[in-house]
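# Structural description and commentary
Okay, here's what each chain looks like letter by letter:
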Amino acid sequence: MSLSQYLLGAVELAVMAAALGLGAYYVRALLVPAWTGALARLAEILLALSALIVIAEALGVLKLLEELPLMLACAAVGLGAAWWARARVEGNGPIEFPAVKSSRAMLAVAIAASALVVAHWAGPTQDSLDIGMYFQDTTWYHMSFSGRFAQTGEVGPLHFTDPLKLTAWYYPQNSELLHAIPMVALGNDFFSPLFNLAFLSMSLLAAWCIGRPYAVGAVTLLGAAVVLDSEMIVGSQAGNAPNDIMGLFFLLAIIAFLVNGAATARAAPKIAGAAKPPGDRKLPKAADGGVGFDLDASIEHPQEGIVTEVPVAGDPRVLAGVGAGPLFLAALAAGLGIGTKITLLAALGALTIGVAVLAGREHWVRAMSIWLGGMLITGGFWYLRNTVHAINPFPQIEKIGPITLPGPDQPGFYPREPHSLAEYYNDPTVWAAYFFNILLDRLGPFWPVILAAAGVGLVVTLLWGRTSLLRVLAITGIFAGIAYVFTPLTASGGLGQPTGFDANLRYVAPALIIAFTITPLVPAFRRHQWPWRLIAFFGVLILQGTIRVNFDGGFPLEASPAWRYAHVDESLLLALLVVGIPAALVAAAKAGVGRAVLAGATSLALVLVLAVGWGQEERYEEDRYRTEIAPQLEAGFRSTPDWTALQLFGKKTRDARIGMVGRASAFGQYFFYGDDLSNHVQYLGRELRRGTYRQIDRCDDMRRIINGGDYDYIITTPRIRDEEDEPPENLWIAADPGVTELLRSGPARIFRVEGELDPYTCPLLGPEATA
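Presented here is a report on the structure given in the accompanying data block. (Residues numbered from 1 in each chain as written. Predicted model: local features only at pLDDT ≥ 70, side-chain atom pairs only at ≥ 80, totals over all residues. Heavy atoms only, no water.)

This paragraph deals with the overall build of the protein. Secondary structure assignment for the protein yields 24 helices and 13 strands. Buried residues in the protein amount to 55% of all 771 residues. The contacts of the protein with a sequence gap of at least 6 include a subset with a gap of at least 24, amounting to 76%. Total accessible area on the protein stands at roughly 31,100 Å², and carbon and sulfur atoms take up 63% of it. (Helix = DSSP H or I, 4+ residues; strand = E, 2+ residues; numbered from the N terminus. Buried < 20%, exposed > 50% of the residue type's maximum accessible area, 1.4 Å probe, protein only. Contact = heavy atoms within 4.5 Å. Areas by Shrake-Rupley, 256 points an atom, 1.4 Å probe, with all protein chains shown as cover.)

Written as structure tokens, this is what we have:
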């Protein structure tokens, strides 16, 4: 990529961001005019992301997900929303927004913790920028979906990635669609290793906002950091494409909007020129000396200082106790969550029932209209697409009681056999051989404390939270934890050998993060020195997660894998760009620095980001998926030297149509897209009704499908569950004169297709014509 192409792509992305950001600013001011500072910025980020997702989906349905239509649509929607909302905001009259303040010590703790977590994530992120993204789910379906969206400009068709039972093509794909947008602008995936780092930063912002109305933002941020900084999350998310961190961001945003909506709904607004509310009450002081939320505020004695968009506390427009604006924002975040991560359905389903209960008999219909409407806007598309293809919005659910639901008829191929954690509740041998060691590696030596503290915190919040909202959130966290235990893939693997427990431990993260961010809101924990005690407690849990117990002799403790890297300088630079510079700009603005100076400093920061990005992009494009520096995988055909030649072929090939079969090809198919993402890559299988995609078991079917796909190359690797023997496809394809064997590497082959293959000569192969 040339410098001009890089700058042009950056300008396109900047135009989209600026237009949607402007629109989000005025729409937020219309929905929640009382929100300022970090909370307002969080709401605007959520609104801009919602608009971007909806725009990309609409263009994708029309097969117009391309550079110019995308930029024009974002500009039109953003500027149009700003024009529409601005007139209505200005017509409402000025409102003063006295802010709830945290002490400087709390702010310092929050900034230091954020910098530590970002620096931790920056190491693996830089690794991916150096060599490419290698996590299996990344190269299997996450980036394959994104690459196909960017190549075709459409989102309606299913992209079949394998013949497995999981039917990954029916997963919600908001995150993959977001990855595709900079691919469209730049023509490569340079931004993709950085995506999850951006969502980490937004997650920390959302966690801060949860405690903000009570002046305990630093406490809730550190509580979230216990989960976000654990090896359970960092190991799969940093620098790769799995979308758990995006789902956690949306979950944290939901909690932040509901908690702040409830806090502002109970306070008295302070409108310019209005009479002072009754009473001579002063703002309560938090333990750290900052201003806290008065839990005893009432209609007769409202708290001044936390303002709301509603006239008085108890106004009937305060739906579900939080207000229509905050409820709608939370609903948009919930839709983005279920449109990103199907594992959030259980927790958000429980929360949906809770919102209806909070609304009460008189207002539950309106509250549910806002809640479900917002969720449908940002999360409904993928389930509608599933319904069109499978006649079932949740194709993975085959039965409800005795009722059989429509959907794909996939064979029982799994990467690992499905088993739930609940199946091993009374098997100490499995716990000792598998679960304890993995929990130690992923959560640190104090993993029992983390799990126990989360459980106790949820129970304490349920019993002593004192507000209906906190109780609903506690029940949501408890339900999420129970759902994790019974989810079929949490202990996947052979019976008695749950090797998938490690990879899927991250599914417990929603329950943990709910627990650690709502427990500090319990009134007893916001008084006296309890906020600082919780900070110390969470700080210990974060730090212990950075060490590992060494059972191999020598010193008993060592740094966790994510901290053992050679990117200290890059990590510090990323922490500066992501945390330091924004914090400095905010501090300067609050100190009264002029707008011109702030604008100049912001411009210099953006130039620095562009300059650093250009240097990284040049190296990334050259070194991405270079075989000489590829990491060594632990198992499977891709861990053998025979795979190297195939990966090298994928990196060098351009503008080709590539068909492939076999386990290694399925899990590593993104390698074949090429550095410029110009290769059309497709796993070869038989497409049947309702999104069924099956392994090809006959020579003549294989040849017909190759002819129908107009492929230039065919890659074969060993089959699923049989990674040592040559696949039968080698013979079926090599025996036809229409192909030439281009490469032989162990049991794998690469064939160049030079003409039509003849399916009618397959019987000459005898019994070997079928598998």
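After that view, the rundown keeps rolling.
In a beta sheet, neighbouring strands pair by backbone hydrogen bonds and run either parallel or antiparallel. The five strands lie next to each other as S8-S7-S11-S13-S12, forming an open sheet whose pairing is mixed. Of all the strands in the sheet, the pair left with one neighbour each is strand S8 (680–683) and strand S12 (739–745). Shown here is a sheet whose adjacent strand axes are inclined to one another by a mean of 20 degrees, direction ignored. (Pairing = 2+ DSSP bridges. Axes fitted to C-alpha atoms, helices over the stretch in contact; angles between N-to-C directions.)

One finds Phe199, Phe257 and Trp371 to be the most contacted residues of the largest nonpolar core, which totals 212 residues. Broken down by element, the residue count for this core peaks at 15 residues, all from helix H10 (residues 244–265). The residues contacting Trp371, other than those within four sequence positions of it, are Ile254, Leu327, Ala330, Ala331, Ala334, Leu351, Thr352 and Val355. (Core = buried A, V, L, I, M, F, W, Y, C linked by side-chain atoms within 4.5 Å.)

Looking now at the state of the cysteines. Here, disulfide denotes a covalent bond that connects the sulfur atoms of two cysteines. For the coordinates displayed, the defined rule picks out one disulfide. Across the disulfide from Cys699 sits Cys762; the S-S distance is 2.0 Å. With the S-S dihedral at roughly -65 degrees, the linkage between Cys699 and Cys762 falls on the left-handed side. One end of the pair, Cys699, is in helix H23 (residues 699–709); the other, Cys762, is in the segment after strand S13 (748–753), and 63 residues separate them in sequence. On the basis of relative accessible area, Cys699 is assigned to the buried category, the value being 0%. Accessibility expressed as a relative area gives 3% for Cys762, which makes it buried. (Disulfide = S-S within 2.5 Å.)

Packing of helix H1 (residues 3–31) against helix H3 (residues 67–90) brings their axes to within 7 Å, and their N-to-C directions diverge by 25 degrees. Put simply, H1 runs roughly parallel to H3. Classified by chirality, the crossing of H3 by H1 is left-handed. (Parallel < 35°, antiparallel > 145°, perpendicular 65-115°, else oblique. Left-handed = near helix turned anticlockwise from the far one by under 90°.)

What follows deals with the packing of aromatic side chains. In the structure shown here, the tally under the stated rule is 36 aromatic pairs. Ring pairs connect the aromatic residues Tyr134, Tyr625, Phe637, Trp643, Tyr670, Phe671, Phe672 and Tyr673, which therefore count as one cluster. Sitting above the plane of the Trp530 ring, Arg533 keeps its charged end 5.1 Å from the centroid. Seen from the ring of Tyr760, Arg704 lies directly overhead, with NZ or CZ sitting 5.6 Å from the centre. (Phe/Tyr/Trp six-rings, centres within 6.5 Å; stacked < 30°, edge-to-face > 60°. Lys NZ or Arg CZ within 6 Å of the ring centre and 35° of its normal.)

Looking now at the side chain of His179. Checked against the element boundaries, His179 lands in helix H6 (residues 174–186). Not counting chain neighbours up to four residues away, the residues in contact with His179 comprise Met143, Ser146, Ser192, Phe195, Ala241 and Met246.

Attention now moves to empty space enclosed by the protein. Tallied over the full model, the rule gives six cavities of 30 Å³ or more. Its volume calculated, the second largest cavity comes out at about 70 Å³. As for the second largest cavity, its lining consists of Asp244, Gly247, Leu248, Lys341, Thr343, Leu344, Arg506, Tyr507, Ala509 and Pro510. Of all the secondary structure elements, the ones that give two or more residues to the lining of the second largest cavity are H10 and helix H17 (509–518). When residues of the lining of the second largest cavity are assigned to their parent elements, the largest contribution, three residues, is made by H10. Of the residues belonging to the lining of the second largest cavity, the class tally is five nonpolar, two polar and three charged. (1 Å grid on protein atoms, 1.4 Å probe; cavity = no way out; pocket = protein on both sides within 12 Å on 5 of 7 lines; lining within 4 Å. Points joined across faces, edges and corners; volume = space filled by probe spheres on them. Nonpolar A, V, L, I, M, F, W, Y, C, P; charged D, E, K, R; others polar.)

Of note, Gly493 is situated in the loop between helix H15 (468–486) and helix H16 (501–504). A relative accessible area of 3% means that Gly493 is categorised as buried. Each C-alpha atom, one on Gly493 and one on Arg416, is 4.5 Å from the other, the two residues being 77 residues apart in sequence. Ignoring sequence-local partners within four residues, the contact set of Gly493 consists of Arg416, Glu417, His419, Pro498 and Thr499.

Applying the stated criterion across every chain yields a total of 26 salt bridges. Residue Glu44 pairs with Arg28 through a salt bridge whose shortest N-O separation is 2.9 Å. Of this pair, Glu44 sits in helix H2 (residues 37–61) while Arg28 sits in helix H1; the two residues are 16 residues apart in sequence, bridging distant segments of the chain. By relative accessible area, Arg28 is classed as buried at 5%. Close ionic contact of Glu754 with Arg752 constitutes a salt bridge, the shortest N to O distance being 3.3 Å. Ionic contacts of the salt-bridge type, sharing partners, join the residues Asp189, Arg624, Lys651, Arg654, Asp675 and Asp676 into one network. (Salt bridge = Lys/Arg side-chain N within 4 Å of Asp/Glu carboxyl O.)

For strand S7 (residues 657–661), a buried count of four out of five residues is recorded, marking the element as mostly surrounded by other parts of the structure. Relative to S8, S7 runs parallel, the two being bridged by four bridges. Note that in S8 the partner of Arg657 across the bridge is His680. Where S7 meets strand S11 (residues 713–716), four bridges bridge the pair, whose relative direction is parallel. Note that in S11 the partner of Gly659 across the bridge is Ile714.

A few words now on helix H13 (residues 428–443). Considering bend angle alone, the principal kink of H13 is centred on Phe435 and spans about 35 degrees. Turning to H13, its buried residues are Val430, Phe435, Ile438, Leu439, Leu440 and Leu443. Looking one or two residues past H13, Gly444 carries a phi angle of roughly 100 degrees, positive in sign. (Bend = angle between axes of the 7 residues up to and from the residue.)

Turning to unusual backbone geometry, a few remarks are in order. At Arg466, a residue that is not glycine, the phi angle is positive and equals roughly 70 degrees. We note that His528 has phi near 55 degrees; this positive angle belongs to a residue other than glycine. Inspection of the secondary structure puts His528 in the loop between H17 and helix H18 (530–544). By relative accessible area, His528 is classed as exposed at 63%.

On to the environment of Cys209. Its location among the elements puts Cys209 in helix H7 (residues 192–211). Not counting residues up to four positions away in its chain, the partners in contact with Cys209 are Ala38, Leu39, Leu42, Ala256 and Asn260.

Our next topic: the packing of helix H4 (residues 104–131) against H18. One way to put it is that H4 packs onto H18 with a least axis distance of 13 Å and a crossing angle of 10 degrees. Considered as vectors, H4 and H18 are oriented roughly parallel to each other. Between H4 and H18 the crossing geometry is left-handed. Residue-level inspection shows Ala105, Met106, Val109 and Leu116 of H4 in contact with H18, the latter providing Pro531, Trp532, Ile535, Ile542 and Leu543.

On the secondary structure map, Leu7 appears in helix H1. C-alpha separation for the pair Leu7 and Leu186, spaced 179 residues apart in sequence, amounts to 9.0 Å.

Note on placement: Arg506 falls in the loop between H16 and H17. Overall, the relative accessible area of 4% leaves Arg506 in the buried class. Setting aside its immediate chain neighbours within four residues, Arg506 contacts Asp137, Met232, Ile233, Ser236, Gln237, Pro242, Asp244 and Lys341.

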